[in-house]
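# Chains, contacts and geometry: an overview
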Amino acid sequence: MFDYFISLGSHCPIAASMAKYGMRAFSAPFDWLITADFKWVIHYMETDFKDFLLRKNLKHYDEYAEHFCDIQSDIRFLHEGVNIEYEYEKVKEKYDRRIKRFLEKTKSKVCYLRSIRTEEDCEYIIQNADYIRRVIKKNNPYSEIVFLCNNDVVDSGDFPFRYFNMPRAWRLESQISLRTYFDHADEFLSFCGENYSGANIMKNLSADFQKDYATLTERRYKTLTTLLTHDFKGAMASDKTIIYGAGMIGKELYKKIRDYTSVLCFLEKSEKEKEFEGVPILQVANVKPEDGIKVIVSAAYDFVNIKKELESKFRSEDIISIDEILNLSF
């Protein structure tokens, strides 16, 4: 039995899916990073992160001010939500805490998880198997590493570590889709269940539920309070509007915009209510699209997936998140 499972990347879906299935007990350094080159992950583990997150190696790499990368290792940071030019110390302190926790926890028996996405990844692992194994067992000789593969990139005859082929491809579109990477991976999940205590799984699931509930509640509160004070006069881009979501936020949105646009209906996944203040509540399949209609998605926490559903009926450019209207970012 392992004491912990820990993600070594290469992308966020491993940590997100670990949380969904009760395997993530704490925040580790590589959970939310893009670490395409595995040799640098192994290097940082071998050296106890001595040259990790050095200020001189960090720079912006795209149009988003909060996105930055390490030019030495090409590790990419997409989830910090800060401008590294001004808030480096804040980021450094957070990762120092995660590294300290990582070094302490890895004295226990750990199962590390790492994705393999290309044949080059696979070749590096094969050629450096002894080195990787030595680093993995550096803090505990009974620790192991398991590789998760897409597209059958591993030749089982040559590969020196345990691995599992995953049935789902990477999906980086939303927090919900990030958590689906382990779905239907029956063989892998059976391995996890056989090598991790049920008590730990339940404890981790409870913590994950509480964290997710608190985060979603905070987000909804921020959206609602901003909505109630927002001035929509002159802001509506269309004379005809549909609101996706007939919950509290959707209904308050209706009250704010009804004087400036004609709200034709609400849309919901299921028709629990028939109408609100005379405006019908419909399922997406039952709505008849018209030209010139804008659709505002009030359930912005899952905007990407909702937008895909709506694109069967509406033009992509006519589907708007309430976050965009209220100038909110999360």
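The notes below deal with the structure included here. Computed from a predicted structure; not experimentally measured. (Residues numbered from 1 in each chain as written. Predicted model: local features only at pLDDT ≥ 70, side-chain atom pairs only at ≥ 80, totals over all residues. Heavy atoms only, no water.)

This paragraph deals with the pattern of salt bridges. The full count for this structure, using the stated rule, is 19 salt bridges. For the salt bridge of Lys20 with Asp183, the shortest nitrogen-to-oxygen distance reads 3.0 Å. With Lys20 in helix H1 (residues 13-20) and Asp183 in the loop between helix H6 (175-178) and helix H7 (186-194), this pair connects stretches of sequence that are 163 residues apart. For Glu309, the salt bridge goes to Lys269, with nearest N and O atoms at 3.5 Å. Here Glu309, found in helix H10 (residues 303-310), pairs with Lys269, found in the loop between strand E10 (262-268) and strand E11 (275-276); they are 40 residues apart in sequence, far enough to count as distant. The exposure class assigned to Glu309 is partly exposed, which follows from its relative accessible area of 28%. When salt bridges that share partners are traced, they join Lys294, Arg315, Glu317 and Asp318 into one network. (Salt bridge = Lys/Arg side-chain N within 4 Å of Asp/Glu carboxyl O. Helix = DSSP H or I, 4+ residues; strand = E, 2+ residues; numbered from the N terminus. Buried < 20%, exposed > 50% of the residue type's maximum accessible area, 1.4 Å probe, protein only.)

Turning next to the sheet that holds strand E3 (residues 58-60). Reading across from one edge, E2-E5-E4-E3 is the order of the four strands in this open sheet, with antiparallel pairing throughout. The two strands at the open ends of the sheet, each matched to only one other strand, are strand E2 (33-34) and E3. Note that E3 and strand E4 (residues 68-70) share three bridges and pair antiparallel. Along E4, the bridge assignment pairs Lys59 with Cys69. Packing against the sheet, helix H3 (residues 84-105) makes contact with E2, E3, E4 and strand E5 (76-77), and its axis sits at approximately 130° to E3. (Pairing = 2+ DSSP bridges. Contact = heavy atoms within 4.5 Å. Axes fitted to C-alpha atoms, helices over the stretch in contact; angles between N-to-C directions.)

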